[in-house]
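# Remarks on the overall topology
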Amino acid sequence: MAAAVVIEHLKKKYGATEAVKDISFHVEKGEIFGLLGPNGAGKSTTIRCLCTLAKPDEGKIEVCGVSVRDRPKEARKYFGYVAQEVALDKMLTGRELLKLQAALYHLPSALARQRIEQLLNLLGLQDYGDQKTGTYSGGLRRRLDLASGLLHQPQLLVLDEPTVGLDIESRFVMWDFLRQLREAGTTVLITSHYLEEIDALADRLAIIDRGLVLAEGSPSQLKDQVGGDRVTLRIREFTPPQEAQQAKQQLQTLPFVEEVIINEAQGHSLNLVVQRDCNPLTQIEQNLQSIGLPTFSLAQSRPSLDDVYLAATGRTLMDAELAAAGTRDIKKEQKQAMKS
Ligand SMILES: Nc1ncnc2c1ncn2[C@@H]1O[C@H](COP(=O)(O)OP(=O)(O)OP(=O)(O)O)[C@@H](O)[C@H]1O
């Protein structure tokens, strides 16, 4: 059985910007697959190439065994795409917009009517179908986007950051709906920069950073691979770099400490990897005391996807987000995207 998505050695540049340097991953049928990475990592570009909305420079892309580059029209039958931001015509009602969309998919009108009512019900939109979309909340708009992407009953639903800007409740509604879709046999490919979203939803994921896949697997596999428990230590609220170095050297000598990383972006806090199921906190504190260093905060936890990200990139996802913010000219990108 062909995989739902095969992407191999995808490359895509915008001018001098290498948006996608070399990305490969497979999505199996019936799973929720997450692409996790900070803003600017290349997630949208990857799925825009997959969904025939951007032209790749190189690489193989298949949807349900059909080459997207060679047979784009046929490939489009297999997937529904829900973009990051959809410009809805605010004067149209939800039902009218779905009718328009159904016409774009060339659905026969009886089938279109049936699908529209089904989806409005399924997504809890039955009371809003005749209201103008200009009156919709963010959560309702996203649900209508979903309905649009599902009208032609695609085998694969591709969603770009579907819960950005949504409140927690709307986000949970969306997660539940995506899980129901999976139960009904639809494959879901979702991009997100929210760790907890991918952790909660995805059967498997790929971590993407600066146009490359850094890790791929199920959330628990990836967490297991990064090894022992994590300890986050702050010597002071803002630790001088030389003290952080001194602490690192000292703590590396402890038998249960596997690794010490100094997180410069977080006030030179220290991230330690320690053997599982040891009780390290008192010993760490005493050890620091013995060389005259205080402890401002100290906490132990199981590895998270952020630890997986940190181990792969040397920075946390949030720091990567902050570094990316402000370096992009979104208006220029949108203009260029319209052209490509
Ligand atoms: N149309 C475009 N023109 C020029 N540069 C672009 C364009 N689209 C994306 N880029 C650049 O390519 C890189 C990858 O962007 P991309 O949108 O794929 O990342 P992303 O991970 O999806 O982030 P986001 O979720 O913010 O869209 C970024 O450096 C971005 O500035």
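Overview of the structure. These numbers come from a predicted model, not from an experiment. (Residues numbered from 1 in each chain as written. Predicted model: local features only at pLDDT ≥ 70, side-chain atom pairs only at ≥ 80, totals over all residues. Heavy atoms only, no water.)

### Here's the deal with the nonpolar core
Put simply, the test is: Side-chain atoms within 4.5 Å are what join buried Ala, Val, Leu, Ile, Met, Phe, Trp, Tyr and Cys residues into a set we call a nonpolar core. Accessible area is worked out with a 1.4 Å probe on protein chains only. A residue is then buried under 20% of its type maximum, exposed over 50%, and partly exposed in between. Residues are treated as being in contact if the distance between any of their heavy atoms lies within 4.5 Å.
Leu36, Leu146, Leu157, Leu159, Leu178 and Ile190 are the most contacted members of the largest nonpolar core, which has 44 residues in total. Leave out the neighbours within four places in its chain, and Leu146 touches Val82, Leu123, Leu157, Leu159, Met174, Phe177 and Leu178. Core analysis: the second largest hydrophobic core is formed by 28 residues, Ile23, Leu50, Ile61 and Val68 among them.

### Things to note about helix α5 (residues 138-150)
Our working definition: Only DSSP runs of H or I reaching four residues or more are called helices, and only runs of E reaching two or more are called strands; each is numbered from the N terminus. By definition here, a helix of n residues has an expected span of 1.5 Å times n minus one.
Spanning 13 residues, α5 covers 19 Å between terminal C-alpha atoms, matching the ideal 18 Å at 1.5 Å per step. Among the 13 residues that make up α5, ten are buried, leaving the element largely enclosed by the rest of the structure. Among the residues of α5, those classed as buried are Gly139, Leu140, Arg142, Leu144, Asp145, Leu146, Ala147, Ser148, Gly149 and Leu150. Considering only its buried residues, α5 is in contact with β6 (79-82), α3 (94-104), α4 (109-122), β7 (156-160) and α6 (168-183).

### As for the side chain of Glu243
Its location among the elements puts Glu243 in helix α9 (residues 241-251). The contact partners of Glu243, leaving out residues within four places of it in the chain, are Ile235, Arg236 and Leu293.

### A closer look at the packing of α9 against helix α10 (residues 281-290)
Defined as follows: For helices, the fitted line uses only the C-alpha atoms of the stretch in contact; every axis is such a line through C-alpha atoms, and the angle between N-to-C directions lies from 0 to 180 degrees. Angles are sorted into four bins: roughly parallel if under 35 degrees, roughly antiparallel if over 145, roughly perpendicular if 65 to 115, and oblique for all others. By convention the crossing between two helices is left-handed if the near helix lies anticlockwise of the far one by an angle smaller than a right angle, and right-handed if it lies clockwise.
Look at α9 against α10: their axes get within 10 Å of each other, and the N-to-C directions meet at 120°. As the angle between them shows, α9 and α10 are arranged oblique. Crossing angle aside, the handedness with which α9 passes α10 is right-handed. Of the residues in α10, those in contact with Ala247, Gln250 and Leu251 of α9 are Ile284, Asn287, Leu288 and Ser290.

### A few points about the packing of aromatic side chains
The following threshold applies: Whether two aromatic rings pair depends on their centres lying within 6.5 Å, for rings of Phe, Tyr and Trp, where Trp uses its six-membered ring; planes under 30 degrees apart make the pair stacked, over 60 edge-to-face, and the rest tilted.
Within the structure shown, the criterion is met by three aromatic pairs. Ring centres of Tyr128 and Tyr136 lie 6.4 Å apart, and the angle between their planes is 75°; this geometry places the pair in the edge-to-face category.

### A short note on the pairing of strand β4 (residues 58-63)
Going by this rule: The criterion for strand pairing is that DSSP finds at least two bridges linking the strands in question.
Pairing between strand β1 (residues 5-14) and β4: five bridges, direction antiparallel. Counterpart to Lys11 in the pairing with β4 is Glu58. Across two bridges, the pairing between β4 and strand β5 (residues 66-67) is antiparallel. Counterpart to Glu62 in the pairing with β5 is Ser67. Between the antiparallel neighbours β4 and β5 lie two residues, among them Cys64 with a positive phi of about 45°.

### Describing the pattern of salt bridges
To keep it simple, the criterion reads: Every case where a carboxyl oxygen of Asp or Glu lies within 4 Å of a side-chain nitrogen of Lys or Arg is listed as a salt bridge.
Tallied over the full model, the rule gives 19 salt bridges. Note that Arg179 and Asp176 form a salt bridge whose closest N and O atoms lie 3.4 Å from each other. Of this pair, Arg179 and Asp176 both sit in helix α6, three residues apart, which is roughly one turn of that helix. Exposure remark for Arg179: the relative accessible area of 26% places this residue in the partly exposed category. Here Asp199 makes a salt bridge to Lys223, at a shortest N to O gap of 3.1 Å. A residue pair is termed long-range when its members are at least 10 positions apart, and Asp199 in helix α7 (residues 195-201) and Lys223 in helix α8 (residues 219-225) qualify at 24 residues. Through salt bridges with shared partners, a single ionic network connects Asp224, Asp229, Arg276 and Arg302.

### Observations regarding the sheet that holds strand β14 (residues 297-301)
Two pairing modes exist for strands in a sheet, parallel and antiparallel, and in both the strands are linked by backbone hydrogen bonds. Spatially, four strands are ordered β12-β13-β11-β14 in an open sheet, and the strand pairing comes out antiparallel. Edge positions in the sheet fall to β12 (257-263) and β14, since each of these pairs with one other strand and no more. Within the sheet, the average angular offset between the axes of one strand and its neighbour, ignoring direction, is 20°. Here β12 runs beside strand β13 (residues 269-274); their pairing, made up of six bridges, is antiparallel. Bridging from a neighbouring strand, Val260 pairs with Leu272 of β13. Docked against the sheet, α10 engages β11 (229-234), β13 and β14, running at close to 150° with respect to β14.

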